[in-house]
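Geometric and topological summary
If you want the building blocks of each chain, they are given just below.
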Amino acid sequence: MKKYMKEYIESIDKLIESKKIDNIDEIIEEHLLKISFFQHERLIHFLVTMLFAILSFASLIYTLNNISIGFVLLTIALLCLFIPYIFHYYFLENSVQHMYDQHDELVKIRDKK
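The notes below deal with the structure included here. (Residues numbered from 1 in each chain as written. Predicted model: local features only at pLDDT ≥ 70, side-chain atom pairs only at ≥ 80, totals over all residues. Heavy atoms only, no water.)

1. Focus: the side chain of Lys-34
Looking at where Lys-34 falls in the secondary structure, it is placed in helix α2 (residues 24–65). With no salt bridge to any partner, buried Lys-34 finds its closest opposite charge in Glu-30, at an N-O distance of 4.3 Å. Among the polar contacts listed, one links the side chain of Lys-34 to the side chain of Tyr-4, at a separation of 2.3 Å. Not counting the four nearest positions on each side in its chain, Lys-34 is found in contact with Tyr-4, Tyr-8 and Met-99. (Helix = DSSP H or I, 4+ residues; strand = E, 2+ residues; numbered from the N terminus. Buried < 20%, exposed > 50% of the residue type's maximum accessible area, 1.4 Å probe, protein only. Lys, Arg positive; Asp, Glu negative; His and termini not counted. Salt bridge = Lys/Arg side-chain N within 4 Å of Asp/Glu carboxyl O. Polar contact = N/O pair within 3.5 Å; in protein donor to acceptor, adjacent residues only side chain to side chain. Contact = heavy atoms within 4.5 Å.)

This is the structure:
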């Protein structure tokens, strides 16, 4: 998903730089559709990230009160998963925000015609 999103954003950036787009209405429509797909992806990752945050901190609090090898390992495993989820969600959030800016630029280009 990350590679696909980066490639798509780069292709739209190149279109915006050229400022000579023949089928701008179709591109804007497709771009809005892609934004909605990526927003859905972002929402799902947000929910998963929050689930891992809650589980990680609950496990950490329980482990600090009742030290056992099993819960120490569980806490470490949850934190090892939680950190990459934060970075991936950060990427998704910033990419969707950039896509909003791209949409605004595409609309400006269309309105100048």
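2. Re helix α1 (residues 2–18)
Taking 1.5 Å of rise per residue, 17 residues should cover 24 Å, and α1 covers 25 Å from first to last C-alpha, within 8% of that figure. Within the span of α1, buried status applies to Met-5, Tyr-8, Ile-9, Ile-12 and Ile-16. Down the axis of α1, the buried side of the element spans an arc of 95°, and every buried residue falls inside it. Counted as exposed and oriented over 90 degrees from the buried face of α1: Lys-3, Lys-14 and Glu-17. Close packing links the buried residues of α1 with α2 and α3 (69–112). At the exit of α1 stands Lys-19, carrying a positive phi of roughly 55°. (Expected span 1.5 Å × (residues − 1). Arc of directions from axis to C-beta.)

3. Structural notes on the packing of aromatic side chains
Counting across every chain of the model gives six aromatic pairs. Centroid distance Tyr-4 to Phe-38: 6.0 Å. Interplanar angle 55°. Geometry classified as tilted. Linking Tyr-4 in helix α1 with Phe-38 in helix α2, this pair joins segments that are 34 residues apart in sequence. The class for Phe-38 is buried, based on a relative accessible area of 2%. Each member of the aromatic cluster is reached from another via a ring pair, and the members are Tyr-4, Tyr-8 and Phe-38. (Phe/Tyr/Trp six-rings, centres within 6.5 Å; stacked < 30°, edge-to-face > 60°.)

4. A few points about the packing of α2 against α3
In the contact formed by α2 and α3, the axes pass within 7 Å of each other and the chain directions differ by 160°. Taken as axis vectors, α2 and α3 run roughly antiparallel relative to one another. As for how α2 packs across α3, the hand of that crossing is left-handed. By residue class, the composition of the contact of α2 with α3 is 31 nonpolar, twelve polar and six charged. (Axes fitted to C-alpha atoms, helices over the stretch in contact; angles between N-to-C directions. Parallel < 35°, antiparallel > 145°, perpendicular 65-115°, else oblique. Left-handed = near helix turned anticlockwise from the far one by under 90°. Nonpolar A, V, L, I, M, F, W, Y, C, P; charged D, E, K, R; others polar.)

5. Focus: the pattern of salt bridges
In this structure the tally under the stated criterion is four salt bridges. Ionic pairing is found between Asp-25 and Arg-110, a salt bridge with its closest N-O pair at 3.8 Å. Of this pair, Asp-25 sits in helix α2 while Arg-110 sits in helix α3, and the two are 85 residues apart along the sequence. Given the relative accessible area of 32%, Arg-110 is considered partly exposed. When salt bridges with common partners are traced through the structure, they connect Asp-25, Arg-110 and Asp-111 into a single cluster.

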